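# Summary of the model geometry
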Amino acid sequence: MSAAPAKKGVRNSVGGGGGGAGSSAGGARGSVGQSVKFARRTSSGRYLSLSREDIDMDGELAADYTNYTVHIPPTPDNQPMMDGAEPASVAMKAEEQYVSNSLFTGGFNSVTRAHLMDKVIESEVTHPQMAGAKGSRCAMPACDGKVMRNERGEDVDPCECRFKICRDCYLDAQKDGCICPGCKEHYKIGEYAEDDPHDVSSGKLHLPAPGGGGLNTNKSLLARNQNGEFDHNRWLFESSGTYGYGNAFWPKGGMYDDDLDDGDGLGGGGGGALPEQKPFKPLTRKMPMPTSIISPYRIFIVIRMFVLIFYLTWRIRNPNMEALWLWGMSIVCELWFAFSWLLDMLPKVNPINRSTDLAVLKEKFETPSPSNPHGRSDLPGLDVFVSTADPEKEPVLTTANTILSILAVDYPVEKLACYVSDDGGALLTFEAMAEAASFANVWVPFCKKHDIEPRNPDSYFSIKGDPTKGKRRSDFVKDRRKVKREYDEFKVRINGLPDSIRRRSDAFNAREDMKMLKHLRETGADPSEQPKVKKATWMADGTHWPGTWAASAPDHAKGNHAGILQVMLKPPSPDPLYGMHDEEQLIDFSDVDIRLPMLVYMSREKRPGYDHNKKAGAMNALVRCSAVMSNGPFILNFDCDHYINNAQAVREAMCFMMDRGGERIAYIQFPQRFEGIDPSDRYANHNTVFFDGNMRALDGLQGPMYVGTGCMFRRFALYGFDPPRTAEYTGWLFTKKKVTLFKDPESDTQSLKAEDFDAELTGQLVPRRFGNSSPLMASIPVAEFQARPLADHPAVLHGRPPGALTVPRPPLDPPTVAEAVSVISCWYEDKTEWGDRVGWIYGSVTEDVVTGYRMHNRGWRSVYCITKRDAFLGTAPINLTDRLHQVLRWATGSVEIFFSRNNAFLASRKLMFLQRVAYLNVGIYPFTSIFLLVYCFIPALSLFSGFFIVQTLNVAFLFYLLTITITLIALGVLEVKWSGIELEDWWRNEQFWLISGTHT
């Protein structure tokens, strides 16, 4: 029985993976044996898998009890012969449409499958990029499949006769002699010849392989091993030596010939001759604090430090002999308070401010130039992560609003991808994200057309005041009214999803019960012995949800379900796509780019017996999944309750990464701002002293700590590599010494590998560190290269040539998505360094602080980005109980850090001294609560015992106390001045410090 899925059967290996999962995991799991799975093709072109038990049952019942599955990657027998440019381009569109309309599942010891979904949500889908978008039906007899579509959602006609045909029928026609079923003629090059991937007239430049020439698609489609079977490894990884979009080698005879002729290596990126006529314009500026404020601040720190030394010396030399126990308690507490104060104040001696220039960013990266004649965006890609775990605790409407604000951010659409991690595997979250993708069809163009801020629809429509302020277009009021009505309907659909899913599941389960009862009657079995049918959770297209069911069942529980991957919005086309002027359209978007960023839903596989490492494990799964699918060199992570409040915030962060010296920056931390807090902020929820004071001060050292949501990472730094250049601090005086850890390759055409960036990393150790996914390992040097700043000045020592990232991104194909399913499997991290050196670090409640510490310890720097308009907004605890629980969790994580190898005492020489002090304070500050609690009891003990902490009140004691108090007040006033916080906020912070220190 051979292998054409359209025929009678499909041969599968038990324990192997279909598609990418089998190739990457086959070595670990091995082949257990051979079994036969039968399949038949339905009228819609889908394939129905049948087990032996299903064959023995009644045909109608068996059909109802099975799931629609498509084995991937497609075998060579199921591929077009690619005769000419036009069939190749149509097949590419067909594969892209197939990927975006399929729900991919897989995991440990299971076959990776693609479930072709006719219906993602029950409401109507209109945007052509979204899964489940409606289209014309195939004109082939007995086939109801959907016709292939282009970027606008218009039907793709492979033949000049305009015969409507779906993907599967088109592939069958290609196998049967490449003859059109309509006109009975060979397929000719029609109106889609302009989509030839090798045509550069439209500005689409595709880089060839290192061996020269274009990529041979026939070779990929016909890749077989010696015994004639389809070789999955060659299918997925035969081009692993090439880097595709934005790669590290440059084509001969292309637009970078002038760059390759320059051999002096200035700029370290092979950027060629520098434009002498244009002076270098920095993207960012560092602005020190005014001397009139910072100088007195430093002087008062020194004065108070010496006064504390004299005071404590006097206290030790003058004990209270009548109550040594009371004197001893007080002196120990005061010594600790002085030490804790010193740890807190020393890192604050060099606070700075920073500013960005967005106009220069646009001029450098998005303006036509000799290296970028078409004016395409040369900015690097960005992958945005949103994590959620429980739709009951984290409302899906809040998560959907966060997704909408991300999709509408002001960044090149083709460079942006959004990934949603649902660690609970809930169908409610899945369908809410699909509804959000559908509503984005209206919301995102509306935001672009009228420059809406904020781009969270719930927050925008809740703003009090005149909405027309600053709006210039005459149709704004009409458009706003229509979008508001659409959003109200969107909220009704979201809020009605739980009941809709429950009613749908009850109806399908009742149908299954009736069919089982009917089957028992027809077979003559006793109806009283009716087997119990599982109470499943059903999707909108009438199939079982592969994730968590409302009634837990084996393989469908919170800690036991398959990995799920769904491309909600497929990658956009590289060129702008403007709306069409049509009276039937809700809003006129004829002058607005209606493309949407790629949106992916992901739920990693969970199985009993595996440590899934909570949020850190989910974030690492997102890192691997995104590396295979989009490989954005930068990653921005959000909690599901934090949304983008400033559409320009991402560009401001990119200014730091793309500026001179940006290659040494591991992450950009934004301050966390909150809404919905009472005006008095009685529990210091805004935490402005920390975010505007401590973090701004650390920005003047090696950089702020990573404190969770709202942080943009360099993907290469998350992989555990060292920066290209760093500094080491040696000796008692911490003398600074600059160190270059790795250099640029000697040739621009050299194919970089992961081991080129780490002297200790060999080819054999790469899989041990990153796992056995070849596409993941091949993506590492690509991400490193694309994250480099422009080599437009001799001072840029590690840059890339201008125009290197203007190449369109290749479309997604089934093997790529199958490999993404493989890397989110529960077994993938076994015997690797994920969570230990690579990605988010495991083993602590505060994984964010530990992850940032590891990066600083390797010599990376970080930057604190404060924007004029708050970049992101989120929610915070609004009652004392939740606030104290939050503080207790932070304190627990700090204690874990102190008693682990992440203690700052054990840091490397690459960590600056004052940065080391700051991290030391993170691990030590929870112990202050012990001494604070004891010190609070001293007045009561003095009252009951009749003794005081000193034997007599003399002038020296009072003088020291007065000086300490005055310097403390002066430092508080000056800190309020340079940090820009309100005096009331500072006072609230001091109050809550005492409350939390004595209650947690």
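Residues numbered from 1 in each chain as written. Predicted model: local features only at pLDDT ≥ 70, side-chain atom pairs only at ≥ 80, totals over all residues. Heavy atoms only, no water.

## Topic: the overall build of the protein
We apply this condition: Secondary structure elements are defined from DSSP: runs of H or I of at least 4 residues count as helices, runs of E of at least 2 residues count as strands, and each element is numbered from the N terminus. Per-residue accessibility, obtained with a 1.4 Å probe over protein chains only, is compared with the maximum for each type, and a residue is labelled buried under 20%, exposed over 50%, and partly exposed between these values. Note on contacts: a residue pair qualifies if any of its non-hydrogen atoms lie within 4.5 Å across the two residues. Surface exposure here means Shrake-Rupley accessible area, sampled with a 1.4 Å probe, where a residue is shielded only by the protein chains that are shown.
Each helix and strand in the protein was counted, giving 29 helices and 23 strands. Counting over 1000 residues, the protein shows a buried share of 56%. Counting contacts in the protein only where the partners sit at least 6 residues apart, residues at least 24 apart contribute 76% of the total. As presented, the protein carries roughly 42,500 Å² of accessible surface, and 56% of it is formed by carbon and sulfur atoms.

## Some words on the packing of aromatic side chains
Test applied: Aromatic rings from Phe, Tyr and Trp, taking only the six-membered ring of Trp, are treated as a pair when their centres fall within 6.5 Å; an angle between ring planes under 30 degrees marks them as stacked, one over 60 as edge-to-face, and anything in between as tilted. The criterion for a charge sitting over a ring is simple: Lys NZ or Arg CZ within 6 Å of the ring centre, and within 35 degrees of the ring normal.
The full count for this structure, using the stated rule, is 41 aromatic pairs. Aromatic side chains Phe439 and Tyr487 sit 5.7 Å apart centroid to centroid with 45° between the ring planes, which places their arrangement in the tilted category. Note that Phe439 is positioned in helix H13 (residues 427-450) and Tyr487 in helix H15 (residues 476-495), a separation of 48 residues in sequence. Across the pair, Tyr487 and Phe439 agree in class, each one buried. Aromatic rings pair up to connect Phe439, Trp443, Phe446, Tyr460, Phe461, Phe476, Tyr487 and Phe490 into one cluster. A cation sits over an aromatic face here: Arg304 above Trp341, 4.8 Å from the ring centre. The ring of Phe461 has Lys484 lying over it, and the distance from NZ or CZ to the ring centre is 5.8 Å.

## A look at the sheet that holds strand E18 (residues 673-674)
Quick reminder of the rule: By definition, two strands form a pair when at least two bridges between them are found by DSSP.
Spatial ordering of the open sheet is given by E16-E23-E18, a layout of three strands whose pairing is mixed. Taken across any chain shown, the strands that pair with only one partner, and hence form the sheet edges, are strand E16 (643-644) and E18. Pairing of E16 with strand E23 (residues 872-874), which is carried by two bridges, proceeds in the antiparallel orientation. From the neighbouring strand, Ile644 faces E23, where its bridge partner is Phe872.

## Remarks on unusual backbone geometry
The amide bond that connects Glu453 to the next residue, Pro454, takes the cis arrangement and shows omega of -10°. By secondary structure assignment, the location of Pro454 is in the loop between H13 and helix H14 (457-462). Phi at Asn631 takes a positive value of approximately 55°, unusual for a residue other than glycine. In this structure Asn631 comes out as buried when scored by relative accessible area, which is 9%. Notably, Ala684 is not glycine yet its phi reads approximately 50°, a positive angle. Here Ala684 lies in the loop between E18 and helix H19 (688-698).

## Section: the pattern of salt bridges
Heads up, the condition is: Salt bridges are defined as contacts in which a side-chain nitrogen from Lys or Arg sits within 4 Å of a carboxyl oxygen from Asp or Glu.
Per the counting criterion, the structure on display carries 42 salt bridges. Notably, a salt bridge pairs Arg493 with Glu435, separated by 3.0 Å at the nearest N-O pair. Highlighted residues: Arg493 in helix H15 and Glu435 in helix H13, separated in sequence by 58 residues. Assessed through its relative accessible area of 27%, Arg493 is described here as partly exposed. Arg673 is paired through a salt bridge with Asp692; the nearest N and O atoms lie 2.9 Å apart.

## A short note on the nonpolar core
To keep things clear, this is the line we draw: For this analysis, a nonpolar core means a set of buried residues of the types Ala, Val, Leu, Ile, Met, Phe, Trp, Tyr and Cys, connected via side-chain atoms within 4.5 Å.
Among the nonpolar cores identified, the biggest contains 91 residues, and Trp443 and Ile668 are the most heavily contacted of them. Considering each element in turn, this core owes the most residues, 15 residues, to H13. Ignoring sequence-local partners within four residues, the contact set of Ile668 consists of Ala653, Phe656, Met657, Gly710, Cys711, Met712, Val863 and Cys865. By size, the runner-up hydrophobic cluster in this structure holds 83 residues, among which are Leu343, Ala621, Val623 and Met629.

## Describing helix H26 (residues 913-924)
What counts here: Helix span, expected: 1.5 Å multiplied by one less than the number of residues in the helix.
The terminal C-alpha atoms of H26, which comprises twelve residues, lie 16 Å apart, in line with the 16 Å expected from a rise of 1.5 Å per residue. Taken as a whole, H26 has its buried residues at Leu914, Gln915, Arg916, Val917, Ala918, Tyr919, Leu920, Asn921, Val922, Gly923 and Ile924. Looking at the packing, one finds that the buried side of H26 touches helix H10 (324-345), strand E17 (665-669), H19, helix H24 (847-857), helix H25 (880-898) and helix H27 (928-945).

## Concerning the packing of helix H12 (residues 396-407) against H15
Our working definition: Between N-to-C directions, angles cover 0 to 180 degrees, with each direction set by a line fitted to C-alpha atoms, over the stretch in contact for helices. By definition in this entry, angles of less than 35 degrees are roughly parallel, angles greater than 145 are roughly antiparallel, angles of 65 to 115 are roughly perpendicular, and the rest are oblique. For any pair of crossing helices, the crossing counts as left-handed if the nearer helix is rotated counterclockwise from the farther one by less than a right angle, and right-handed if it is rotated clockwise. Here the nonpolar group is Ala, Val, Leu, Ile, Met, Phe, Trp, Tyr, Cys and Pro; Asp, Glu, Lys and Arg are the charged ones; every other residue, Gly included, is treated as polar.
Across the interface, H12 lies against H15 with an axial gap of 10 Å and an inter-helix angle of 135°. Here H15 runs oblique to H12, going by the angle between their axes. For the crossing formed where H12 meets H15, the hand is right-handed. Contact with H12, carried on its side by Val396, Leu397, Ala400, Asn401 and Leu404, involves Tyr487, Phe490, Lys491, Ile494 and Asn495 of H15 and no other residues of that element. For the contact of H12 with H15, the per-class residue count stands at seven nonpolar, two polar and one charged.

## Notes on the pairing of strand E5 (residues 102-107)
Most of E5 is tucked away, with six of its six residues classed as buried. With burial as the criterion, each face of E5 is covered, one bearing Ser102, Phe104 and Gly106 and the other bearing Leu103, Thr105 and Gly107. With five bridges connecting them, E5 and strand E6 (residues 110-116) associate as antiparallel partners. Bridging from a neighbouring strand, Phe104 pairs with Ala114 of E6. Direction of pairing for E5 relative to strand E13 (residues 563-569): antiparallel, over a ladder of four bridges. Bridge pairing in E13 places Phe104 opposite Leu565.

## Details of the environment of Phe770
Here Phe770 is to be found in helix H21 (residues 766-770). Put simply, Phe770 and Glu829 are 59 residues apart on the chain and 8.1 Å apart in space, counted from C-alpha to C-alpha. Residue contacts for Phe770: discarding those within four places in its chain leaves Tyr719, Phe721, Leu761, Leu776, Met777, Ile780, Tyr828, Trp834 and Val838.

## Let's talk about helix H23 (residues 814-823)
For H23, the buried fraction is high: nine of the ten residues fall into the buried class. For H23, the complete set of buried residues consists of Pro814, Pro815, Val817, Ala818, Glu819, Ala820, Val821, Ser822 and Val823.

## Notes on the state of the cysteines
Convention followed: Whenever a pair of cysteine sulfur atoms sits within 2.5 Å, that pair is classed as a disulfide.
Enumeration according to the criterion identifies zero disulfides in this entry. Free of any disulfide, Cys178 has its nearest cysteine sulfur in Cys159, 9.6 Å distant. With a relative accessible area of 12%, Cys178 lands in the buried category.

## A few points about the pairing of strand E14 (residues 598-603)
Of all six residues that make up E14, six are buried, and the element is covered over most of its length. Of the two faces of E14, the one holding Met598, Val600 and Met602 and the one holding Leu599, Tyr601 and Ser603 are both buried throughout. In the sheet, strand E10 (residues 416-422) pairs with E14 via five bridges, with the strands oriented parallel. Note on E14: the bridge partner recorded for Val420 is Tyr601. Alignment of E13 against E14, held across five bridges, turns out to be antiparallel. Bridge pairing links Ile564 to Ser603 in E14.

## Re the environment of Trp986
Mapping Trp986 onto the fold places it in helix H29 (residues 983-999). Through-space distance from the C-alpha of Trp986 to that of Ala684 is 9.0 Å; in sequence the pair is 302 residues apart. Setting aside chain neighbours within four positions, we find Trp986 in contact with Val689, Gly972, Val976 and Ile981.

## Examining the confidence of the model for the protein
Formally: On a scale of 0 to 100, pLDDT captures the predictor's confidence in every residue.
Summary statistics for the protein give a mean pLDDT of 78 and a share of 76% for residues scoring 70 or more. Segment residues 745-751 is flagged for pLDDT under 50; beyond a separation of four residues in sequence, or across chains, it makes 18 contacts in the model.

## Here's the deal with a nonpolar patch on the surface
Rules: Patch construction takes residues with relative accessible area above 30% that form no salt bridge. Like charges are linked within 9 Å, and nonpolar side chains (Val, Leu, Ile, Met, Phe, Trp, Tyr) are linked within 5 Å.
A contiguous nonpolar patch, built from Val302, Phe306, Ile309 and Phe310 and spanning about 370 Å² of accessible area, is present on the exposed surface. Note that Phe310 resides in helix H9 (residues 291-317).

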